[in-house]
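# Fold and geometry: a report
Listed below, chain by chain, are the residues.
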Amino acid sequence: MSKRQSIVWLSPFVVLVLLFFLVPLLYMLITSFQNSDGFTLAQYHSVLTNGYILQGFKNSITLSVISAVIALIVTLFAVYAMMRFSPSMREKILILTNLTSNFSGIPLAFAFIVLLGNSGLFTLLFDKWGIDTLSSFSLYSWGGLLLIYIYFQLPLALMLLYPIYDGIQQQWKEAAALLGASTWQFWKKIGIPVMLPGIVGTFSVLFANAMGAYASAYALTSSNYNLVAIRIGSLIKGDIFAQPELASAIAVLLAVTMVTAMLLSEWSISKTRRKL
């Protein structure tokens, strides 16, 4: 393929990147440094001195870290169990997981409301049967948000961890067994160290996925729970009055938080690989 043909084939991709990534990013950066008087740092000063916005960052980071850790732990055991199935069964599970990963946002929140809301199916059934398990649980609280976040994190975590598990070759297990190593010793000395860079990378992706989530949280709690994504949305649409410049500044700091987490992940991965 000639250089001119390569440029022709790449041009649609370049246009998409410009329209849906670079242009919005540049607009957000420029807007975050503007107000009616022109260039200013007042938006960032407002963000860093506003306790309510800082609380939104704290809540989002806490929710993202906890949901990512829980999803990661559950998925590690789930993928380990999957590896004991036949290849055809594993393929079917991956197809189902891929379909499930697309079930998020407002439909996911609505499904949980139908099942576990104040008049949800399981709430009414448990109340009728005299089971008090859900009597103290509120779907519209922090616990309900965490449950939804874990749910939409699980399929993504499984699809990311499956290739990592698949990379553990059977010959390694057989060689370790011949040398007298137990199953626990194999995973402690070989399996987990080999998988650790991929696990750390998966955690960073799950963290970023949760930090940027908006639709499910908003559909479930509206603006009643303070999350940074909900704060950005409320400032843009103007619950009281629109402040797109302040929203842009918050969005820039959110992006910085996510990039910092991913850079720390890359540093941890490279450090782990040097030890192997």
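Refer to the structure printed above.
Sequence positions are assigned chain by chain, starting from 1 and proceeding in written order. Per-residue local features of the predicted model are confined to residues with pLDDT of at least 70, and side-chain atom pairs are confined, for both listing and counting, to 80 or more; whole-chain, interface and lining totals are unaffected and use all residues. Water and hydrogen atoms were dropped before computing side-chain values, which therefore reflect all heavy atoms in the structure.

### A short note on helix H9 (residues 183–211)
- The numbering of helices and of strands both runs from the N terminus, where a helix is a DSSP run of H or I of at least 4 residues and a strand a run of E of at least 2. Expected helix span is taken as 1.5 Å per residue step, with the number of steps being one fewer than the number of residues. Spanning 29 residues, H9 covers only 37 Å between terminal C-alpha atoms, well under the ideal 42 Å at 1.5 Å per step.
- A residue's bend is the angle separating two fitted axes: one through the seven residues that end there, the other through the seven that start there. Maximal helix bending in H9 amounts to about 45°, located at leucine 196; proline proline 197 follows within four positions.

### With respect to empty space enclosed by the protein
- Points on a 1 Å grid over protein atoms alone make up a cavity when a 1.4 Å probe fits among them but cannot get out, and a pocket when they form an open set with protein on both sides within 12 Å along at least five of seven lines; lining residues each have an atom within 4 Å of a point. Grid points are joined across faces, edges and corners, and a volume is the space filled by probe spheres set on the points. Tallied over the entire structure, the rule returns 1 cavity of 30 Å³ or more.
- When its volume is computed, the largest cavity comes out at roughly 40 Å³.
- Every element with two or more residues in the lining of the largest cavity is listed here: helix H3 (51–82) and H9.
- Amino acids are sorted into nonpolar (Ala, Val, Leu, Ile, Met, Phe, Trp, Tyr, Cys and Pro), charged (Asp, Glu, Lys and Arg) and polar (every other residue, Gly among them). Partitioning the lining of the largest cavity into residue classes produces 7 nonpolar, 2 polar and no charged.

### A word on the layout of surface pockets
- By volume, the largest pocket amounts to about 320 Å³.
- Every residue along the wall of the largest pocket is listed here: Ile73, Leu76, Phe77, Tyr80, Tyr165, Trp184, Trp187, Ile192, Met195 and Ile199.
- Of all the secondary structure elements, the ones that give two or more residues to the lining of the largest pocket are H3 and H9.
- Of the residues assigned to the lining of the largest pocket, the class counts are 10 nonpolar, no polar and no charged.
- Approximately 250 Å³ is the volume found for the second largest pocket.

### Digging into helix H5 (residues 106–116)
- Among all positions of H5, only Leu108, Ala109, Phe112 and Leu116 are buried. Summarising the axial view, the buried residues of H5 lie within an arc of 100°, below the 170-degree limit, and thus occupy one face. The exposed set on the far side of H5, more than 90 degrees from its buried face, consists of Ile106 and Phe110.
- Contacts are assigned to residue pairs that have any heavy atoms within 4.5 Å of one another. Of the surrounding secondary structure, the elements contacted by the buried residues of H5 are helix H6 (121–128), helix H7 (142–166) and helix H10 (215–221). Any residue under 20% of the maximum accessible area for its type is buried, any over 50% is exposed, and the rest in between are partly exposed; the area is computed with a 1.4 Å probe on protein chains only. Note that the arc is computed from the directions linking the helix axis to the C-beta atoms.

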